Amino acid sequence: MRFYIVVVYDGRRYRYLVIYHGAGPHSEKFEVIGKNKSIFFISNRPLLQAKNLKHWAIKWTVEGRLNNVHYKELIARELEKWIVDTNLK
């Protein structure tokens with residue numbers, strides 16, 4: 001599944017293509033594609049759902065190089081908004 005997210009950082013808007021690669025029993029994988037590189041964001045949301053831990057925060061890990069921790073949090077927040085908006089189960 002492909003979709004776009006918009007991240008606002010330092011007063012500028014950055015638009016990224018995201019490819020949802022699916023979910024396994026313990027994790028799900030998103031590929032965030034920028035102008036010249038792509039980074040994988042992996043969440044533990046399926047594991048939290050399986051254990052009925054609905055109110056726990058999703059833990060995001062990054063495969064690839066992303067130097068700014070705050071920017072990682074902004075991208076993760078946009079991915080979480082998309083998950084809620086689409087009612088992804």
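Residues numbered from 1 in each chain as written. Predicted model: local features only at pLDDT ≥ 70, side-chain atom pairs only at ≥ 80, totals over all residues. Heavy atoms only, no water.

**Side note on the pattern of salt bridges**
The following threshold applies: Salt bridge, as used here: a side-chain nitrogen of Lys or Arg that lies within 4 Å of a carboxyl oxygen of Asp or Glu. Think of it this way: any DSSP run of H or I at least four residues long counts as a helix, any run of E at least two long counts as a strand, and we number them from the N terminus. For the exposure calls, accessible area comes from a 1.4 Å probe over protein chains only, and a residue counts as buried if that area is under 20% of its type's maximum, exposed if over 50%, partly exposed in between.
Per the stated rule, a full pass over the model turns up three salt bridges. Among the ionic pairs, Lys29 bridges to Glu63, the shortest N-O distance being 3.8 Å. Linking Lys29 in strand E3 (residues 28-33) with Glu63 in strand E5 (residues 60-63), this pair joins segments that are 34 residues apart in sequence. For Lys29, a relative accessible area of 29% translates into the label partly exposed. Using a relative accessible area of 39% as the deciding quantity, one classes Glu63 as partly exposed. A salt bridge links Glu78 to Lys81, with the nearest nitrogen and oxygen atoms 3.3 Å apart. Of this pair, Glu78 and Lys81 both sit in helix H2 (residues 69-86), three residues apart, roughly one helical turn.

**A word on the pairing of E3**
So the rule is basically this: Any two strands with at least two DSSP-identified bridges between them are counted as paired.
Summarising the sheet, strand E2 (residues 12-23) and E3 pair through six bridges and their orientation is antiparallel. Within the sheet, the bridge partner assigned to Gly22 lies in E3 and is Lys29. Strand direction decides the pairing type here: E3 and strand E4 (residues 38-43), joined by six bridges, are antiparallel. Within E4, the residue paired with Lys29 across the bridge is Ile42. Between E3 and the antiparallel strand that follows it, E4, lie four residues.

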